[in-house]
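Take a look at the letters that make up each chain.
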Amino acid sequence: MTKITKGADKKPHDDIGKKSQKNKFIIMCIVAAVVATIAFASYKLDNTVDNGFSLVDGIPCETTEFSTYHIHAHLDIFVNNQPLTIPAFIGIEDNTCLYWLHTHKTDGIIHIESPQTHDFSLGQFFDMWKSTNTGMPPSNEPIIYVNGNVVTTKLKDTPLNAHDEIVLVYGNPPSNIPTFYQFPEGE
């Protein structure tokens, strides 16, 4: 007499087929997650725009300057009581690419020229400087003065406002901290 057991009508290859389908589904989910992660990372890391120039902190490179939002701030940097010259052409590449934050001369004037009103920070300017020029000040956080007053913000959080006189002090401070900059007429 044949003994009938529960599930005896089930064939062993049915379990293998179900396991195989389950494994395929898991593998497809893993592959989809990996592809999605790579696509997202590529999107975030892809710093090129249509004109072939880089984005810096989300700021694109343009072929012209904008006047919609056009302000200037002035920057002085002192390292152990000695002035550091702010280079010309920070944020300008090959005279064909102008970022919304840039310098034209070594006078310390930061030009902020954007197609729309936007808040920019000193940290963004420093990222621009690192990306497009040399002669960076020390990498540690300086003492920051805005219009002669010490502020407690970090570089990345210090806003660039119209006609601000910003002074960064690394090490020993100068005997006099500039509190005002006389911008040329029209700036």
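Given the structure is predicted, the values throughout are model-derived calculations rather than measurements.

## Comments concerning the layout of surface pockets
Now for step 1: Looking at the largest pocket, its volume works out to about 150 Å³.
Now for step 2: Lining of the largest pocket is provided by 13 residues; of these, Phe126, Asp127, Lys130, Glu141 and Leu155 occupy positions nearest its centre.
Now for step 3: With four residues, the top contributor of residues to the lining of the largest pocket is helix α2 (residues 122–132).
Now for step 4: Considering only residue class, the lining of the largest pocket consists of five nonpolar, three polar and five charged.

## Brief notes about the nonpolar core
Now for step 1: Judged by nonpolar contacts, the single largest core of 29 residues is most densely connected at Leu75, Ile112, Leu122, Phe125, Phe126, Leu160 and Leu168.
Now for step 2: Listed by contribution, the elements that provide at least two residues to this core are β2 (69–79), β5 (97–99), β7 (109–114), α2, β8 (143–146) and β10 (165–170).
Now for step 3: Aside from chain neighbours lying at most four places away, what touches Leu160 is Ile71, Ala73, Leu101, Ile110, Ile112, Phe120, Ser121, Leu122, Phe125 and Ile166.

## Here we look at the pattern of salt bridges
Now for step 1: Going through the model one piece at a time under the given rule, you end up with two salt bridges.
Now for step 2: Between Asp127 and Lys130 there is a salt bridge, with its nearest N and O atoms 4.0 Å apart. Pair noted here: Asp127 and Lys130 are both in helix α2, with a separation of three residues, about one helical turn.
Now for step 3: Looking at Lys130, the relative accessible area reads 54%, which means it is exposed.
Now for step 4: Among the salt bridges present, the one from Asp157 reaches Lys156, with a minimum N-O distance of 3.5 Å.

## Comments concerning unusual backbone geometry
Now for step 1: Positive phi, close to 50°, is recorded for Asn80, a residue that is not glycine.
Now for step 2: Note that Asn80 resides in the loop between β2 and β3 (82–84).
Now for step 3: Since its relative accessible area comes to 44%, Asn80 is described here as partly exposed.
Now for step 4: Within the chain, Asn81 stands out as a residue other than glycine whose phi angle is a positive 75°.

## Digging into the side chain of His74
Now for step 1: Position of His74 relative to the elements: it lies in strand β2.
Now for step 2: His74 sits in the buried class, given a relative accessible area of 2%.
Now for step 3: Only 2.7 Å separates the side chain of His74 from the side chain of Glu165, close enough to count as a polar contact.
Now for step 4: Residues in contact with His74, not counting those within four places in the same chain, are Asp107, Gly108, Ile109, Asp164, Glu165, Ile166, Tyr181 and Phe183.

About the cut-offs
Residues numbered from 1 in each chain as written. Predicted model: local features only at pLDDT ≥ 70, side-chain atom pairs only at ≥ 80, totals over all residues. Heavy atoms only, no water. 1 Å grid on protein atoms, 1.4 Å probe; cavity = no way out; pocket = protein on both sides within 12 Å on 5 of 7 lines; lining within 4 Å. Points joined across faces, edges and corners; volume = space filled by probe spheres on them. Helix = DSSP H or I, 4+ residues; strand = E, 2+ residues; numbered from the N terminus. Nonpolar A, V, L, I, M, F, W, Y, C, P; charged D, E, K, R; others polar. Core = buried A, V, L, I, M, F, W, Y, C linked by side-chain atoms within 4.5 Å. Buried < 20%, exposed > 50% of the residue type's maximum accessible area, 1.4 Å probe, protein only. Contact = heavy atoms within 4.5 Å. Salt bridge = Lys/Arg side-chain N within 4 Å of Asp/Glu carboxyl O. Polar contact = N/O pair within 3.5 Å; in protein donor to acceptor, adjacent residues only side chain to side chain.

In short, shape yes, function no, at least from these values alone.
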